[in-house]
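The primary structure of each chain is shown beneath.
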Amino acid sequence: MSAPFLLEKYRALLESASVRETPLLLRVPRAHREIELQARWFNGDFGREFIGADGRKIEIAQSGVWNHEAGPDFIEAAVRVGGGSVRRGAIELDTDARDWDRHGHSTNPAYDGVVLHVFFTAPRGEYFTRTSRNEFVPQVRLPQEALDGDSPVGLAPARPGRCCGPLRELPSGEIAALLEGAARHRLMLKAARLERLARVHGPSEALFQSVAIALGYKENKLPFQLLAQRLPLARLRRDPDHCAALLFGVAGFLHAPDLGKYPPGSRALLRRLWDDWWPLRDEMARMMLPADAWKWRGLRPVNHPQRRLGALAVLASGWPAFQGLLKRGSAAEVKAFLTGLGDEFWSAHYTLDTPLGGQGRVALIGETRAVEILANVFYPWRSGEIDQWWDAYAKTRSPLGNRKAATAAERLFGGHSDKKKFLSLVAYQQGLLQIYEDFCLRDDSDCARCPFPEQLPRWIGG
Ligand code: SF4
């Protein structure tokens, strides 16, 4: 079976199962923090064209930049309303339309330059957004589904599902082909996301953000994404000597130093970071992440976000060489570059104030993280050359278990004798995750109405 055909075949399977790209099972109430919605808006996740609350077409010509000062969320944006001329100004994004008044924006002149108010919920009847000059601001209400995004909840329990039986009937070559088709589909979805990001922010920023998110995997993807948005590569590259201070400062990890309370091995770095950061602190204060943006529970010390941030700082300061490899190098070269990165401090510390102790030295970016960056950044970026690298990719072993893929394997294959094999290769894991997202996470019937088992005979016949 030819390889590109597997992609088409998996897509046809999804289509005939009437599986939509947007998740179906996402009606579970979920607290969406405004900061997450802003990050997604900034990345164009909700689209660039809308129908405004008054029925006029709204086009986002420029999504703007994060505002460092008091005032609206995004400044220097450009919006075309009703096909007229482009209006330049700010964009304010709220979860609820009434936040505009609740937060005093209607009487605050700092919001007079807002050209678009975006929100997700609004009271019944009409609700107008007005500035302190009594001017109406065009509104866009995003549909509730937009809140659901790509963070599915409603996780299925890890017990074998109804498809285990039909899958057991498939010859192992067909199962491998199915997983490959799903993995190819997943890769093309990632490639499309990266391309969309590159259209909005340019290729370098798109790659930088994607690498940052991969470093934040999995508990701290959002704060890493926010950092890369608020401190774009262009800003960091303007001041390469201050990359680390900017990143650690905006991350909220630098506090007025009482160096005496830190271990001797941390004091020199903290002193330097603080000295570089304090002159920038006022300028960047509004960009700083709140402490609760970070998740600490259940993290292995070696995956501490401060260590990962150290890696991002090292990558940012030598970015041109790394980007050159992402664009023209091989996967093996990119991996060798990442796992070979060194840093005097971070090779010997878990956090800014915790030395490794008896652990010796630990790679700044380990094998698992490097493979994650390959899977989420390098391969999607180079999807146009997929036929050149697929065979090598298909043989890439997963250095560590992936809990979500294991859950997917348990659901789909139960006690299947090849289950271990499916989990040992990165490409198979990706295929498992895609089927899990396309079917299990959209099923709300405990498998009873899931179309996947009935589609399987067609896979062989297709
Ligand atoms: S929801 Fe569908 S794909 Fe998932 S385990 Fe059940 S039958 Fe299989």
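Structure: see above.
What you are looking at is a predicted structure, and each value in this text was computed from that prediction instead of being measured. (Residues numbered from 1 in each chain as written. Predicted model: local features only at pLDDT ≥ 70, side-chain atom pairs only at ≥ 80, totals over all residues. Heavy atoms only, no water.)

J.: Could you give an account of the overall build of the protein, with specific residues and numbers?
T.: In terms of helices and strands, the protein carries 20 helices and 9 strands. Against the globule reference of 23 Å for 462 residues, the protein gives a C-alpha radius of gyration of 24 Å, in line with a compact fold. By principal-axis analysis of the C-alpha atoms, the protein measures approximately 70 × 65 × 40 Å. Among the 462 residues that make up the protein, the fraction classed as buried is 53%. Long-range contacts, defined as pairs at least 24 residues apart, comprise 68% of the intrachain contacts of the protein with a sequence gap of at least 6. As displayed, the protein has an accessible area near 21,000 Å², and 51% of this comes from carbon and sulfur atoms. (Helix = DSSP H or I, 4+ residues; strand = E, 2+ residues; numbered from the N terminus. Rg over C-alpha atoms; globule rule 2.2 N^0.38 Å. Buried < 20%, exposed > 50% of the residue type's maximum accessible area, 1.4 Å probe, protein only. Contact = heavy atoms within 4.5 Å. Areas by Shrake-Rupley, 256 points an atom, 1.4 Å probe, with all protein chains shown as cover.)

J.: Go over helix α12 (residues 305-317), please, and point to the residues and values.
T.: Here α12 spans 18 Å end to end across 13 residues, near enough to the 18 Å set by a 1.5 Å rise per residue. Burial within α12 is extensive, with 12 of its 13 residues counted as buried. Listing the buried residues of α12 in full gives Pro 305, Gln 306, Arg 307, Arg 308, Leu 309, Gly 310, Ala 311, Leu 312, Ala 313, Val 314, Leu 315 and Ala 316. (Expected span 1.5 Å × (residues − 1).)

J.: I'd love a proper account of the packing of helix α6 (residues 172-201) against helix α19 (residues 426-438), names of residues and values included.
T.: Put simply, α6 and α19 touch, their axes get as near as 7 Å, and they point 80° apart. By the angle between their directions, the pair α6 and α19 is classed as roughly perpendicular. On the side of α6, the interface is formed by Ala 176, Leu 178, Leu 179, Ala 182, Ala 183, His 185, Arg 186, Leu 189 and Lys 190, while α19 contributes Ala 427, Tyr 428, Gln 430, Gly 431, Leu 432, Leu 433, Gln 434, Ile 435, Glu 437 and Asp 438. Taken together, the residues of the contact of α6 with α19 sort by class into 11 nonpolar, 4 polar and 4 charged. (Axes fitted to C-alpha atoms, helices over the stretch in contact; angles between N-to-C directions. Parallel < 35°, antiparallel > 145°, perpendicular 65-115°, else oblique. Nonpolar A, V, L, I, M, F, W, Y, C, P; charged D, E, K, R; others polar.)

J.: Lay out unusual backbone geometry with the relevant residues and their values.
T.: In this chain, Tyr 217 is followed by Lys 218 through a cis amide linkage whose omega measures -5°. Considering the arrangement of structural elements, one finds Lys 218 in the loop between α7 (203-216) and α8 (221-230).

J.: Now, about the site of the ligand: what can you tell me, with residues and values included?
T.: In the neighbourhood of the ligand, the contacting residues comprise Gly 161, Arg 162, Cys 163, Arg 411, Leu 412, Phe 439, Cys 440, Asp 443, Cys 447, Cys 450, Phe 452 and Pro 453. Sorting the residues of the shell around the ligand by element identifies α17 (403-413) and α20 (452-461) as the ones contributing at least two each. A per-class count over the shell around the ligand returns 8 nonpolar, 1 polar and 3 charged. (Near = heavy atom within 4 Å.)

J.: Describe the pattern of salt bridges, and please don't skip the residues or the numbers.
T.: Taken as a whole, this structure holds 18 salt bridges when the rule is applied. A salt bridge links Glu 59 to Arg 80, with the nearest nitrogen and oxygen atoms 3.9 Å apart. With Glu 59 in strand β2 (residues 57-62) and Arg 80 in strand β4 (residues 74-81), this pair connects stretches of sequence that are 21 residues apart. Overall, Arg 80 belongs to the partly exposed group, its relative accessible area being 30%. Notably, a salt bridge pairs Lys 419 with Glu 410, separated by 2.6 Å at the nearest N-O pair. (Salt bridge = Lys/Arg side-chain N within 4 Å of Asp/Glu carboxyl O.)

J.: Kindly report on helix α16 (residues 386-394), identifying the contributing residues and their values.
T.: Each full turn of the α-helix corresponds to 3.6 residues, which orients residues three or four apart in the same direction. For α16, the complete set of buried residues consists of Ile 386, Trp 389, Trp 390 and Tyr 393. Around the axis of α16, the buried residues are gathered within 130° of arc, so they sit on the same side. Exposed residues on α16 whose side chains face more than 90 degrees from its buried face are Asp 387, Gln 388, Asp 391 and Ala 392. Check the buried side of α16 and you find it contacts α6, α15 (367-381) and α19. (Arc of directions from axis to C-beta.)

J.: Describe the nonpolar core, listing the residues and the values that go with them.
T.: Trp 41, Leu 116, Leu 215, Leu 309 and Leu 352 are the most contacted members of the largest nonpolar core, which has 97 residues in total. Apart from residues no more than four positions distant in its own chain, Leu 116 is found in contact with Trp 41, Ile 58, Ile 60, Val 79, Ala 90, Ile 91, Glu 92, Val 137, Pro 138, Gln 139 and Val 140. In terms of nonpolar packing, the next biggest core, distinct from the first, is built from 31 residues, Leu 14, Ala 177, Phe 439 and Cys 450 among them. (Core = buried A, V, L, I, M, F, W, Y, C linked by side-chain atoms within 4.5 Å.)

J.: Describe the pairing of strand β5 (residues 86-96), naming the residues involved and giving the relevant values.
T.: The side chains of a regular strand alternate between the sheet's two faces. By the bridge criterion, 5 bridges tie β4 to β5 in an arrangement that is antiparallel. Within β5, the residue paired with Phe 74 across the bridge is Ile 91. The loop that links β4 with its antiparallel partner β5 comprises 4 residues; one of these, Gly 82, has a positive phi angle of about 60°. Direction of pairing for β5 relative to strand β6 (residues 114-121): parallel, over a ladder of 6 bridges. Note on β6: the bridge partner recorded for Glu 92 is His 117. (Pairing = 2+ DSSP bridges.)

J.: Explain the environment of Val 79 to me, using residue names and the numbers behind them.
T.: Residue position: Val 79 is located in strand β4. Given a relative accessible area of 1%, Val 79 falls into the buried group. Placed 89 residues apart in sequence, Val 79 and Arg 168 show a C-alpha to C-alpha distance of 54 Å.

J.: Requested: an account of the environment of Phe 42, with residues and values cited.
T.: Tracing the sequence through the fold places Phe 42 in helix α2 (residues 34-42). Judged by relative accessible area, which is 7%, Phe 42 ranks as buried. In contact with Phe 42, other than residues within four places in its own chain, are Ser 63, Gly 64, Val 65, Trp 66, Phe 74, Val 200, His 201, Gln 209 and Gln 229.

J.: Any details on the packing of aromatic side chains? Residues and values, ideally.
T.: One pass over the structure, following the stated rule, counts 21 aromatic pairs. Residues Phe 224 and Trp 294 carry aromatic rings whose centres are separated by 5.7 Å and whose planes lie at 85° to one another, so their mutual orientation is edge-to-face. In this pair, Phe 224 is assigned in helix α8 and Trp 294 in the loop between α11 (264-284) and α12, connecting sequence segments 70 residues apart. A ring pair is formed by Phe 253 and Trp 294, whose centres lie 4.8 Å apart and whose planes are at 40°; its orientation type is tilted. Residue Phe 253 is located in the loop between α10 (243-250) and α11, and its partner Trp 294 is located in the loop between α11 and α12; the two are separated by 41 residues in the primary sequence. Here Trp 294 falls in the buried class, since its relative accessible area comes to 5%. An aromatic cluster is present here, built from Phe 224, Phe 248, Phe 253, Trp 294, Phe 345 and Trp 346 joined pairwise through their rings. Directly above the ring of Trp 390 sits Arg 184, whose terminal nitrogen or CZ lies 4.3 Å from the centroid. (Phe/Tyr/Trp six-rings, centres within 6.5 Å; stacked < 30°, edge-to-face > 60°. Lys NZ or Arg CZ within 6 Å of the ring centre and 35° of its normal.)

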